[in-house]
Structure formats: structure tokens, C-alpha cells
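Spelled out, the chains give:
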Amino acid sequence: MGSYHPHDLPMPVTTAGREGLEALLRTPRRSVVALDFDGTLADIVPDPDQARAHPGAVPALAALAPEVGSIAVVTGRPAGVAVRYGGFAGVPGLEHLVVLGHYGAERWDAVSGIVHAPAEHPGVASVRAELPGFLDAIGAWRGTWIEEKGQALAVHTRRAADPEAAFAALREPLAGLAARHGLMVEPGRAVLELRPPGMDKGVALTEYLAEVGAEAVLYAGDDLGDLAAYSAVEKLRAGGMPGVLLCSGSAEVPELAARADLTLSGPSQVVAFLSALAAALAPS
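Quick notes on the rules
Residues numbered from 1 in each chain as written. Predicted model: local features only at pLDDT ≥ 70, side-chain atom pairs only at ≥ 80, totals over all residues. Heavy atoms only, no water. Axes fitted to C-alpha atoms, helices over the stretch in contact; angles between N-to-C directions. Helix = DSSP H or I, 4+ residues; strand = E, 2+ residues; numbered from the N terminus. Parallel < 35°, antiparallel > 145°, perpendicular 65-115°, else oblique. Contact = heavy atoms within 4.5 Å. Nonpolar A, V, L, I, M, F, W, Y, C, P; charged D, E, K, R; others polar. Polar contact = N/O pair within 3.5 Å; in protein donor to acceptor, adjacent residues only side chain to side chain. pLDDT = per-residue confidence, 0-100. Buried < 20%, exposed > 50% of the residue type's maximum accessible area, 1.4 Å probe, protein only. Pairing = 2+ DSSP bridges.

Explain the packing of helix H1 (residues 15-26) against helix H9 (residues 267-281) to me, please; I cannot follow it from the model alone.
Geometry of a packed helix pair, given as the angle between the helix axes and the separation of the axes. Two elements in contact, H1 and H9, have axes separated by 10 Å at closest approach and are oriented at 45°. Classified by the angle between their axes, H1 and H9 sit oblique to one another. Taking contact as the criterion, the partners of Leu21, Leu24 and Leu25 in H1 are, on H9, Phe273, Leu277, Ala280 and Leu281. Looking at side-chain class alone, the contact of H1 with H9 contains 7 nonpolar, no polar and no charged residues.

Laid out in C-alpha cells, this is it:
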């Protein structure tokens, strides 16, 4: 599954991170473990529709869930898509898993198996109609493609001859298009997502922690969209709630790694960490 012995739990390199992990180990039933999906529980792949959770992710989460207060997956994907691609439904041990999709605008609870989602923002429908012609008109169609996300639309550049150059060239034009329709642009790893404003992973995480009365939190992510969650945990730590920040990989998003308490090389090591955490918390 990973490179760690079950009881060889790696420690964060920062004081705040060590205090956060120690608090989680001391009071696990009052702690929340929150994780991004793509790049954290699932490897990044050229076609997002082919992404699936790491083979060890569900077993690790199922082992950990009974030992902690709550586990939440916080993702930019639609909640139902994350549940399907993660294989989270109907898993013993994950009866109380929560998936906060579309940066928290949608929610799936394993207890009910139902996705709760808001009505579609009118700007999304307008952009959906305009985006193909818009990309063609600015000469950006070649090498880019549009992902339909229901409550949002994403333009991927990973297949372009120069993904980084295509990403940089599209960022300002897409920001203008989004603004005209009351949307915002969320940058990611070779992807620009046009979505409604007002919700991000930081807001979603903060509201969920308050809902469940958490006293400590661990958050793991890999992308620019996770910076809001990082900021939320840092704010909570400043207010007295212990927390630990994990970064899954660092090559593409050094901004995240620079603020993390512990950097892991990718989903395989995240899964190994979760397994080691479950083993450390399990009754002896």
C-alpha cells in the first residue's frame, strides 16, 4: 500500500503541525480528518474521467473512520462523481463519511446516500453555451478541452503541446469571460475552472468543523484550490484549535508545500499515512 510500517507514523516538521497531530492522537473522537480527492486520494491522470481512488484509499479510510470523530472528502468535483470515482458508497466503516463537492456547494452523506445541491447558477449555463466558440475565437481550442462539472466548467491544458504556456495564456481571457457572467476562475494543476463565487474549500471546511464540534483537524490536499482550506486551518490554529496540514506532492504546486507541516510524495504515501494513523489509534 505504501512505504510506512503501520506504526511508523511520520511526524510533521513544524511545531504547529506536531501539536496538531499530537492533539488528534490524544483526542481522536473529537477530531476531523479532511482530504481532497484528485491528487490526494487519487492519482492525477490526463483524463479526469478516468481518475479513481488509489487502491488502498478506501481500506485505509474504512480502518481510520471508526477511530476518529469524522472523515470528510472536500473536492472541486461534483459530490456524486467523487463518490463514484472513490468507491465510497456502501463500504463498512464508512457509514458516516461526508463528501463536500463543488468546494462545499454540494454534499453527500453516506447515512442517506443523497446528494444535496443548489440550483444551477445562471452564469454557468451562459458560459456553457459560449465557451467552445470563445476558445476557438482566441485560438486556444487546439490542445485544450472542456470538462462538464454540472455546477461548473473546467478548461484543461494538460494535453497541450506546452501545458504551462497554454494555462498562462488562458488565465486572463477566462477570468474576463467568467466575470461577465458572474462567475470566478479557480486555477488548478493545468486546469482553469469557471464556477460560482461564494464558496471555497476553506469556507466548506470551517462550516463543517463547526457543525460537528471538532476540536482538532487534519487536512490533506495537493492543489491551488486547497490553499483556502490551508488558510482556514491556519486561522483556526491562531484561534486555539490544533491542526495539521499535509501536502500530497510538491513539484507542481510549491505554494502548498511551502505552507505544509508534512509533505508526502503523492496518493500512495497519503494512503500509507492514513493506514499508519489508523494503526496508531486502533485499540491495542
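After presenting the structure, the write-up continues.
Would you take a moment to explain the environment of Arg107 for this structure?
Locating Arg107 in the fold gives a position in strand S4 (residues 106-109). Those residues within four positions of Arg107 in sequence are excluded, and the remaining contacts are Ala79, Val98, Val99, Leu100, Ile114, Val115, His116, Tyr208 and Glu211. Within the structure, Arg107 has its side chain in polar contact with the side chain of Glu211 (distance 2.7 Å).

So what exactly am I meant to see when it comes to the confidence of the model for the protein chain here?
Low pLDDT means the predicted coordinates in that region are not meant to be read closely. When the pLDDT values of the protein chain are averaged, the result is 94; 98% of them are 70 or greater. Ignoring residues within four places in sequence, the model shows residues 1-6, a span with pLDDT below 50, making 18 contacts including any to other chains.

Teacher, can you tell me more about helix H3 (residues 79-86) here?
Since there are 3.6 residues in each turn of an α-helix, residues three or four apart along the chain are aligned in direction. Burial analysis of H3 places 7 of its 8 residues in the buried class, which makes it a mostly covered element. Restricting attention to buried positions, one finds in H3 the residues Ala79, Gly80, Val81, Ala82, Val83, Tyr85 and Gly86. Buried residues along H3 sit against helix H2 (57-64), strand S3 (98-101), S4 and strand S5 (114-116). A positive backbone phi angle near 70° is found at Gly87, which sits one or two residues after H3.

Would you mind showing me how to read the pairing of strand S6 (residues 145-148) here?
For a regular strand, the rule is simple: side chains alternate between the two faces of the sheet. Along S6, the buried face is formed by Trp145 and Glu147; none of Ile146 and Glu148, which line the opposite face, is buried. Connecting S6 to the antiparallel partner strand S7 (residues 153-156) that follows it, the hairpin turn spans 4 residues, and Gly150 within it adopts a positive phi of roughly 75°.

Sorry if this is basic, but what is going on with the sheet that holds S5 here?
Two orientations exist for strands paired in a sheet by backbone hydrogen bonds: parallel and antiparallel. One open sheet accounts for 8 strands, arranged S5-S4-S3-S2-S1-S10-S11-S12; its pairing is mixed. Each edge of the sheet is formed by a strand with only one pairing partner; in this case those strands are S5 and strand S12 (262-264). On average, adjacent strands in this sheet sit at an angle of 20° to one another, irrespective of strand direction. Pairing geometry for S4 and S5, over 3 bridges, is antiparallel.

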